[in-house]
Amino acid sequence: MNDDRILIERTGAVATVTVNRPKVLNALNAETVAALTAAFVDLRTDDEVRAVVLTGAGDRAFIAGADIGELARLTPLTARALTEAGHRMCDLIEGLGKPVIAAVNGYALGGGCEVAMACTCRVAARTARIGLPEITLGIIPGYGGTQRLPRLVGRGRALEMMLTGAPVTAEEAWRIGLVNRVVEPDALAAEALGLASAIAAQAPEAVRRIIHVVSHGLDASMNDATALEATAFGLVWATEDAREGTTAFLEKRKARFTGR
Ligand code: COA
């Protein structure tokens, strides 16, 4: 799928998805949220895609948040519909069944920060600025940010970021665990693609199960979470890749995973 709001490019087993509204720093209006959601629905079932990189068009912004022009016209009911659409999109990205690497190439504010947090890993350009500035508009985060930020950086730092609205630099984001890596802007695309490709080369069912168990386990009791892990550990033995990985080690050769 390629519409002018969302661009999709393939490099081997990696699809790069670009939010393309650079004139408004890739702010997300309802149509863009729908197009981005539709793109991820397609990618979820495309077996040739083993990993996704998500980024923003231009060199200024990843996504500068929800479209404030649209926000200004909300009523309580349309606001609830907007937040539910945002949750559906972020849950889809988080539970895609394959890794999504956010290549944070500039401002990741509000909904942009929230989409990045729903991704599996985040790589940021040194020039990126990341935060949840909703409080400065008199509102609150609505794409899952109130829940994903404290899970990533801890409650105190998350509350400070949400209550002041002040964004953090890429370096600070790395220090507090909000992003995995920081690189120079001109190295960002290659770094994100490299990370996505490295994960894409692993056994896909094992990748899918790890993401699933981590996401769901974090919201469960330790007992329930380890039970989930045990079930997933059993299920990966239904794959040829589990035999191949262990056999290749014993035969002192590199594993050739086929996704079966
Ligand atoms: N929604 C709608 N339009 C947005 C936007 C958003 N979230 N973020 C930026 N834009 C638009 C600006 O209105 C401007 O449009 P214009 O050229 O027609 O005036 C254009 O994008 C460029 O932004 P501008 O503000 O001129 O750039 P800047 O370098 O001075 O500031 C930001 C950059 C990101 C600091 C500033 O745009 C900003 O604060 N944006 C809003 C961020 C936010 O609060 N997001 C959370 C929403 S819940």
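Here, the structure is the one placed above.
Residues numbered from 1 in each chain as written. Predicted model: local features only at pLDDT ≥ 70, side-chain atom pairs only at ≥ 80, totals over all residues. Heavy atoms only, no water.

S.K.: Quick one: what's the story with helix H5 (residues 145-153), residue by residue and with numbers?
M.R.: Listed in full, the buried residues belonging to H5 are Gly145, Arg148, Leu149 and Val153. Seen along its axis, H5 keeps its buried residues to an arc of 105 degrees; they face one direction. Residues of H5 that are buried make contact with helix H3 (76-94), helix H4 (111-118) and helix H6 (155-164). Downstream of H5 by one or two residues, glycine 154 has phi in the positive range, about 90 degrees. (Buried < 20%, exposed > 50% of the residue type's maximum accessible area, 1.4 Å probe, protein only. Helix = DSSP H or I, 4+ residues; strand = E, 2+ residues; numbered from the N terminus. Arc of directions from axis to C-beta. Contact = heavy atoms within 4.5 Å.)

S.K.: Tell me what's going on with the sheet that holds strand S2 (residues 14-19), and back it up with residues and numbers.
M.R.: Hydrogen bonds along the backbone pair up the strands of a sheet, which may run parallel or antiparallel. Reading across from one edge, S1-S2-S3-S5-S7-S10 is the order of the six strands in this open sheet, with mixed pairing throughout. Only two strands of the sheet have a single partner each, and these edge strands are strand S1 (6-11) and strand S10 (181-183). Within the sheet, the average angular offset between the axes of one strand and its neighbour, ignoring direction, is 20 degrees. For S1 and S2, the ladder comprises six bridges, and the chain directions are antiparallel. Its bridge partner being in S2, threonine 11 is matched across the sheet by valine 14. (Pairing = 2+ DSSP bridges. Axes fitted to C-alpha atoms, helices over the stretch in contact; angles between N-to-C directions.)

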